[in-house]
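Given next are the chains, with one letter for each unit.
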Amino acid sequence: MKKIEAIIRKSKFEDVKQALYDAGIEWFSYWDITGLGKSTEEQVVRGQVFKSGYIQRRMVSIVVRDINLEKTVNAILNAAWTGETGDGKLFVSDIRETFRIRTKESGPDALFNK
Amino acid sequence: MKKYLVSLAGLLTVFNSNLAAQNISTTIKTIPKIDTGDTSWMIVAIAFVLLMSIPGLALFYGGLVRRKNVLNVFMQIFILVSVITLEWVTFGYSNTFGTNSIEALKPYIGGFNWAFLNNINISDLSPYFVSHSQPATDGHLIGTIPHIVFIMFQCMFAIITPALIIGAFAERINFKGFLIFSILWAVLIYNPVAHWVWSNDGWLNKLGTLDFAGGIVVHINAGIAAIVTAIMLGKRRDYKGHAIPAHDITYVAMGAGLLWVGWFGFNAGSGLAADGLAGNALLVTHVAGATAALTWALLEWIIDKRPTVVGISTGAIGGLATITPAAGYVGIGGALALGLTASLICFAMVAYIKPKLGYDDSLDAFGVHGIGGIIGSILTGVLATPLIQSAYSGSLYGNIHQLWVQLLAVGVTIIYSGIGTFILFKITEKLIGVRASDTHEAAGLDETQHGETAYTNFD
């Protein structure tokens with residue numbers, strides 16, 4: 001089992017969601033994140049223009065069976081791409097164990113994404 | 001029963017006039033009456049002006065600060081509403097609009113004759129009036145609304161003035177220091193200045209200063225106190241020479257909207273009557289607010305590429321502050337001129353001059369209210385037209401003297417409010433401290449001053 005965590009543009013979220021659906025990945029979590037970095041957004045407050053210092057992105061987190069890893073990663077890489085600086089990052093890590101709380105099953109069968 | 005009373009009053013009138021007829025003059029004395037139309041409008045106007053403080057100003061300022069300080073701003077305004085109301089009815093009103101028993105002090109501060117609203121009955125008519133007046137039984141002129149209604153109308157002005165200063169020191173003041181300073185300021189700065197300009201005994205009033213609804217008394221007064229406290233308190237720990245973005249711009253827009261609506265009571269109520277003058281005040285207030293809001297949005301659109309919600313809200317408030325002293329003296333042309341000038345100058349002040357000077361006026365209480373008040377109060381001396389109130393005209397209509405009077409009143413208020421604020425701030429600082437500790441400021445004043453947080457994860 002692998003965990004895929006991707007930091008993507010908020011504007012690309014709908015595209016990524018659709019690409020994941022198309023790849024058969026229908027269960028995942030996401031949340032809004034704020035980070036720091038080079039491509040900070042410009043902000044205007046009462047006529048003053050300045051670099052806000054913050055970057056707003058969305059984090060998508062999915063745990064998949066090993067066989068689904070490649071198509072999930074490809075779906076995100078293609079759908080979140082614009083070619084401009086700031087497209088984001090994708091991390092893959094190992095998951096040691098998974099449990100389904102209701103039935104107490106464990107292992108890959110406990111995952112939603114078949 | 002009512003008919004009997006009326007005929008009795010009629011008899012008395014006839015009797016009185018018979019007496020008067022024995023003298024050569026044949027003036028018919030009538031018993032002064034409350035005008036119900038004027039009174040109903042004034043009671044509504046009072047509610048409108050309270051709406052400006054809570055929730056109008058609370059939302060406007062609360063939205064502009066960061067989320068860790070929003071409740072602190074709400075609390076500051078709520079407690080001022082409570083405390084200043086009590087100050088006002090105990091001695092504030094008397095100090096401001098009462099008569100001093102010491103002759104030499106009369107032009108400078110009121111007395112204690114109306115302390116605890118002593119000797120004021122519900123049937124008493126207001127000794128203050130603008131356009132509607134009538135002779136009292138002793139012959140001098142009085143207003144057409146109950147005295148207590150006038151007291152409450154003025155109470156709302158006494159509340160909102162110290163509340164405006166909050167914008168200057170928001171996000172870094174400790175609550176106790178804020179409260180003590182604000183009370184001292186209300187008693188020793190607001191009350192005397194309001195006495196000078198609005199009381200029948202006031203020396204600036206006697207000089208002929210024009211301040212219809214508080215450009216000098218409210219906006220310059222609070223605006224100058226704002227810049228003095230902003231400088232004395234120092235910058236916020238995170239201030240980097242540019243505005244810290246608002247945490248909730250929907251609050252800002254809602255607050256600005258409520259302030260705009262409330263301003264109809266503020267300005268159109270200041271004629272103390274429901275008449276054409278009130279209608280004109282409402283018209284010019286709305287037009288100046290709209291002009292200034294649009295001008296600010298266009299400036300941002302042209303210079304910064306996009307019009308912003310914080311910008312259009314700020315512009316509206318600037319324009320409304322600017323028209324305030326002029327609302328009873330200018331027509332629609334004056335309103336357009338004031339609205340346009342307000343946004344051009346306030347925008348330059350906030351966007352270019354403030355960052356160069358380097359002080360941290362958190363929410364631009366000086367840049368918007370102070371500057372707006374100064375522009376409006378001076379230009380009232382230029383744009384006042386006899387078409388609105390025939391007794392008053394500005395230099396554009398041949399009365400250059402009015403401009404000098406306005407400049408003097410503005411200058412005196414700036415000096416008094418500036419020096420007075422400095423002294424009161426120093427006293428509060430020595431006695432109990434004003435600046436919040438660095439750890440409190442970093443953690444946010446909601447948590448550290450009040451033990452509450454605005455946006456929780458609780459279901």
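Residues numbered from 1 in each chain as written. Chains lettered and ligands numbered in written order. Predicted model: local features only at pLDDT ≥ 70, side-chain atom pairs only at ≥ 80, totals over all residues.

I would appreciate a short explanation of the overall build of chain A in the present structure.
A tally of regular secondary structure across chain A gives two helices and six strands. Start at the N end of chain A and walk to the C end: the helices and strands fall as β-α-β-β-β-β-α-β. For 114 residues, the compact-globule formula gives about 13 Å, and the C-alpha radius of gyration of chain A, at 17 Å, lies well above that figure. Its C-alpha atoms give chain A principal-axis dimensions of roughly 60 × 25 × 20 Å. Put simply, of all contacts in chain A between residues at least 6 apart along the chain, 71% involve residues at least 24 apart. (Helix = DSSP H or I, 4+ residues; strand = E, 2+ residues; numbered from the N terminus. Rg over C-alpha atoms; globule rule 2.2 N^0.38 Å. Contact = placed C-beta atoms within 7 Å.)

Would you take a moment to explain the sheet that holds strand 2 (residues 29-35) of chain A for this structure?
Two orientations exist for strands paired in a sheet by backbone hydrogen bonds: parallel and antiparallel. Residue and element names in this part refer to chain A. Spatially, the four strands line up as an open sheet ordered 2-5-1-6, and their pairing is antiparallel. In this open sheet, the two strands that pair with only one neighbour each are strand 2 and strand 6 (89-94). With strand direction ignored, the average angle separating the axes of adjacent strands in the sheet is 20 degrees. Sheet topology note: the strand 2/strand 5 (residues 55-64) ladder contains seven bridges and is antiparallel. What sits directly across from S29, in strand 5, is S61. (Pairing = 2+ DSSP bridges. Axes fitted to C-alpha atoms, helices over the stretch in contact; angles between N-to-C directions.)

Teacher, can you tell me more about the pairing of strand 5 of chain A here?
Both faces of the sheet carry side chains from a regular strand, because those side chains alternate between them. Taken together, the seven bridges between strand 1 (residues 2-8) of chain A and strand 5 of chain A define a ladder with antiparallel strand orientation. Counterpart to I8 of chain A in the pairing with strand 5 of chain A is R58 of chain A.

Hey, could you run me through helix 13 (residues 400-431) of chain B in this one?
In an α-helix, one turn spans 3.6 residues; hence positions three or four apart end up facing the same way. Residues and elements named next belong to chain B. Taking 1.5 Å per residue, 32 residues should reach 46 Å; helix 13 reaches 47 Å between its end C-alpha atoms and fits that length. If you check which residues of helix 13 are buried, you get Q402, Q406, A409, V410, T413, S417, G420, T421, L424, F425 and T428. The inward-facing, buried residues of helix 13 abut helix 5 (175-198), helix 6 (203-206), helix 7 (215-233) and helix 12 (365-383). One or two residues past the end of helix 13 sits G433, with phi positive at roughly 85 degrees. (Expected span 1.5 Å × (residues − 1). Buried ≥ 20, exposed ≤ 12 C-beta atoms within 10 Å, placed from the backbone.)

Help me understand the packing of helix 7 of chain B against helix 12 of chain B, please; the structure alone is not making it clear to me.
The relative placement of two packed helices is expressed as an angle between their axes plus a distance between the axes. Residues and elements named next belong to chain B. Across the interface, helix 7 lies against helix 12 with an axial gap of 8 Å and an inter-helix angle of 145 degrees. In the packing of helix 7 onto helix 12, the handedness of the crossing is left-handed. Contacts between helix 7 and helix 12 pair G215, I216, H219, I220, A222, G223, I224, A226, I227 and A230 from the former with A365, F366, H369, G370, I371, G372, G373, I374, G376, S377 and T380 from the latter. Broken down by class, the residue content of the contact of helix 7 with helix 12 amounts to 11 nonpolar, 10 polar and no charged. (Left-handed = near helix turned anticlockwise from the far one by under 90°. Nonpolar A, V, L, I, M, F, W, Y, C, P; charged D, E, K, R; others polar.)

Help me out: how do you make sense of the interface of chain A and chain B in this one?
Often, the extent of an interface is quoted as the loss of accessible area upon association of its parts. Chain A puts nine residues into the contact, and the matching count from chain B is 17 residues. Only strand 3 (42-45) and strand 4 (48-51) of chain A provide two or more residues apiece to the side of chain A that touches chain B. The residue inventory of the side of chain A that touches chain B, partitioned by class, reads four nonpolar, four polar and one charged.

Explain the nonpolar core to me, please; I cannot follow it from the model alone.
The nonpolar side chains of soluble globular proteins are, as a tendency, buried together. All names here are of chain B. Of all hydrophobic cores here, the largest spans 140 residues; its most connected members are V49, Y61, I160 and A226. Considering every element that reaches this core, the biggest residue donor is helix 4 (residues 147-169), with 17 residues. Other than its neighbours up to four places away in sequence, Y61 contacts V73, I166, G167, A170 and L363. (Core = buried A, V, L, I, M, F, W, Y, C linked by C-beta atoms within 7 Å.)

What is the right way to look at the packing of helix 8 (residues 249-268) of chain B against helix 9 (residues 276-303) of chain B in this model?
Residue and element names in this part refer to chain B. Here helix 8 crosses helix 9 at 140 degrees, and the two axes come no closer than 9 Å. In this structure, helix 8 meets helix 9 at a crossing whose hand is right-handed. Note on element contacts: helix 9 touches helix 8 through A278, A281, L282, T285 and G289, opposite W260, W263, F264, N267 and A268. Looking at side-chain class alone, the contact of helix 8 with helix 9 contains seven nonpolar, three polar and no charged residues.

Please clarify how the environment of M232 of chain B should be interpreted in this entry.
All names here are of chain B. Counting through the fold element by element, M232 comes out in helix 7. Of the residues examined, M232 has 17 C-beta atoms within 10 Å and is grouped as partly exposed. M232 sits 92 residues away from H140 along the chain, and the two C-alpha atoms are 48 Å apart.

Please explain the environment of Y21 of chain A as it appears in this structure.
Residue and element names in this part refer to chain A. Along the chain, the position of Y21 falls in helix 1 (residues 13-22). Judged by C-beta crowding, with 11 C-beta atoms within 10 Å, Y21 ranks as exposed. With 51 residues separating them along the chain, Y21 and T72 place their C-alpha atoms 9.7 Å apart.

I keep staring at helix 7 of chain B and nothing clicks. Help me out?
All names here are of chain B. With 19 residues, helix 7 extends 25 Å from end C-alpha to end C-alpha; this agrees with the ideal 27 Å at 1.5 Å per step. Burial within helix 7 is extensive, with 17 of its 19 residues counted as buried. G234 lies just past helix 7 and shows a positive phi near 85 degrees.

In this structure, what is going on with the environment of C346 of chain B? I would like to understand it.
Residue and element names in this part refer to chain B. With respect to the helices and strands, the residue C346 is situated in helix 11 (residues 332-357). C-beta crowding within 10 Å serves as the criterion here: with 30 such atoms nearby, C346 is assigned to the buried category. A C-alpha to C-alpha distance of 9.8 Å links C346 and A292, two positions 54 residues apart in sequence. Once residues lying within four places of it in the same chain are set aside, the contact partners of C346 are G318, G367, V368, I371 and G372.

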